[in-house]
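# Overview (structure and organization)
What follows is each chain in one-letter form.
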Amino acid sequence: MQTLKLRRAMMFMPGNNPAMLQNAGIYGADSVIFDLEDAVSIHEKDSARQLVLQALTHFTYSCEIAIRINHIQTPYGFRDLETVLPGKPDLIRLPKAESAEEIQTVAEVIARIERECGFPDGTIKMGAAIETAKGLRQAYAIASASPRMEFLAIGGEDFIADLKTTRSKDGRELFVARSQLVLAAREAGIQAIDTVFADANDDETFLNEVRFIKQLGFDGKSVINPRQVRQVQEVFAPTEKEISHARRVLAAYQDALDRKSGVIALDGKMIDTPIVTRAERVLAYAAAVRN
Amino acid sequence: MKSITHVAQAGTVESSDILINLAPAQPQSGIQIELATPTPKQYGAQIRELIRQTLTAHGIADAVVQATDKGALDYTIKARLITAIERACAPEGGN
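Parameters and conventions
- Residues numbered from 1 in each chain as written.
- Chains lettered and ligands numbered in written order.
- Predicted model: local features only at pLDDT ≥ 70, side-chain atom pairs only at ≥ 80, totals over all residues.
- Heavy atoms only, no water.
- Buried < 20%, exposed > 50% of the residue type's maximum accessible area, 1.4 Å probe, protein only.
- Helix = DSSP H or I, 4+ residues; strand = E, 2+ residues; numbered from the N terminus.
- Pairing = 2+ DSSP bridges.
- Right-handed = clockwise from strand over helix to strand, strands pointing away.
- Domains from an automatic or database assignment.
- Axes fitted to C-alpha atoms, helices over the stretch in contact; angles between N-to-C directions.
- Contact = heavy atoms within 4.5 Å.
- Buried area = accessible area lost by both parts, 1.4 Å probe.
- Salt bridge = Lys/Arg side-chain N within 4 Å of Asp/Glu carboxyl O.
- Polar contact = N/O pair within 3.5 Å; in protein donor to acceptor, adjacent residues only side chain to side chain.
- Nonpolar A, V, L, I, M, F, W, Y, C, P; charged D, E, K, R; others polar.

### Considerations on the pairing of strand β5 (residues 125–130) of chain A
Residue and element names in this part refer to chain A.
- Along β5, five of the six residues are buried, which leaves the element largely enclosed by surrounding structure.
- Relative to β5, strand β4 (residues 91–94) runs parallel, the two sharing four bridges. Across the sheet, the residue bridging to Leu91 is Lys125, located in β5.
- Following the backbone out of β4, through helix α4 (residues 100–117) and into the adjacent parallel β5, one traces a crossover that is right-handed.
- Sheet topology places β5 next to strand β6 (residues 149–154); five bridges connect them, and they run parallel. From the neighbouring strand, Ala128 faces β6, where its bridge partner is Leu152.

### With respect to the domain arrangement of chain A
- Examined at the domain level, chain A breaks down into domain 1 (9–236) and domain 2 (240–290).
- Centre-to-centre separation of domain 1 of chain A and domain 2 of chain A, based on C-alpha positions: 34 Å.

### Focus on the sheet that holds β6 of chain A
Residue and element names in this part refer to chain A.
- Pairing is parallel in the closed barrel, where eight strands are placed in the order β1-β2-β3-β4-β5-β6-β7-β8. Averaged over all pairs of adjacent strands, the angle between their axes in this sheet comes to 25°, without regard to strand direction.
- Two strands pair when backbone bridges link them, and strand β2 (residues 31–35) and strand β3 (residues 64–68) are joined in this way by five bridges, in the parallel orientation. The residue bridging Ser31 from the neighbouring strand is Glu64, located in β3.
- Most of the contacts of helix α9 (residues 203–216) go to strand β8 (residues 220–223), to which it runs at about 145°, and overall it touches β7 (191–194) and β8.

### Comments concerning unusual backbone geometry
Residues and elements named next belong to chain A.
- If you check the backbone angles, Lys88 has positive phi at about 55° while not being a glycine.
- Looking at the secondary structure, you find Lys88 in the loop between α3 (77–84) and β4.
- For Lys88, a relative accessible area of 41% translates into the label partly exposed.
- At Lys260, a residue that is not glycine, the phi angle is positive and equals roughly 55°.

### Overview of the interface of chain A and chain B
- Tallying the contact residues gives 20 residues for chain A and 16 residues for chain B.
- Summed over both sides, the interface of chain A with chain B buries roughly 1,500 Å², with 50% coming from carbon and sulfur.
- Sorting the residues of chain A by area buried against chain B places Asp46, Gln50 and Gln54 of chain A first, and these three jointly supply 34% of that buried surface.
- In this structure, the connection of chain A to chain B is made through two salt bridges.
- When the shortest N-O distance is used, the salt bridge between Arg87 of chain B and Asp46 of chain A registers 2.7 Å.
- On inspection of chain A and its partner chain B, the count reaches six residue pairs in polar contact (both at pLDDT 80 or more).
- Contributions of two or more residues to the side of chain A that touches chain B are made by α1 (18–22) and α2 (45–58) of chain A.
- With nine residues, the top contributor of residues to the side of chain A that touches chain B is α2 of chain A.
- Split into classes, the residues belonging to the side of chain A that touches chain B amount to eight nonpolar, seven polar and five charged.

As structure tokens, then:
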């Protein structure tokens, strides 16, 4: 069975905070993002990227480590890449992506440094956040710009500012953007990651949002608080009932194949290819969660 | 050999961090380290050695280092020192 790469909870951590970087692996997040962008003042960009490099060199983390670099059109983006890539992070996350060319430019830098450092080609993956209307219009081109691309994320706060609106509790202003982002990611065959939810004290709205974005098709959510990691993972975990049903669907499907029967039914309901595919995905997901 | 042209700082005095102050020194004066740490007996010598090694590896033979340790691990000490070196040797610090 195919093993899925889980990115249910991708947790941001400020890149210039030693106490957090050295404990990054303990929160159970599927991915931790060492942030060199918004969480680091312009006066500390150099110290943050050096701290991140030393952390990558010093520790073996049990989870995926991604680095959010500054955009390559700022004075910091390329320096971020040159400094941290020799530390062999799992993934580079580019903020405010607006074109395929940006992705390709970053991918070329990664490829060069992989060669210089003797890492196998393609070791370091990429993800990109869509944070503007312009970026959303290019979402598929961005998602498919490099084989390194693993996911598209939506940066909600910047996107809402770009729309010239405000954030509501039910997130209706993001509905179209979230849907289009999932469509682009699925068309490109990569994952879709939802935006952060800033109010760590509003569990009810947070959980409603996680259930909603899961239903839209997202693979996970960016989080900023360790407490949110388990909450997201619980929402995304297949239930025992779903797992049991998926097993029965696949058993019925196999039985029909063995009998060379063209019609497959389970509990009086017809089973066709999408239902089999969904059942396979539930079991693959459950296996990935167990691992 | 690199030379420190001006005083530079890196790091903080928050828990698990270290504040490094790096200043130029007379040629041939060597590396002088003034260390404040909550664990001088346990880790003082190790921190001094790491500071000395990191400076030497970056081609610094003469320097005055003031280090205020707040329980930093080796990776943080090295990172803050390298940043201080880059800032102290750069024309305008730069980041």
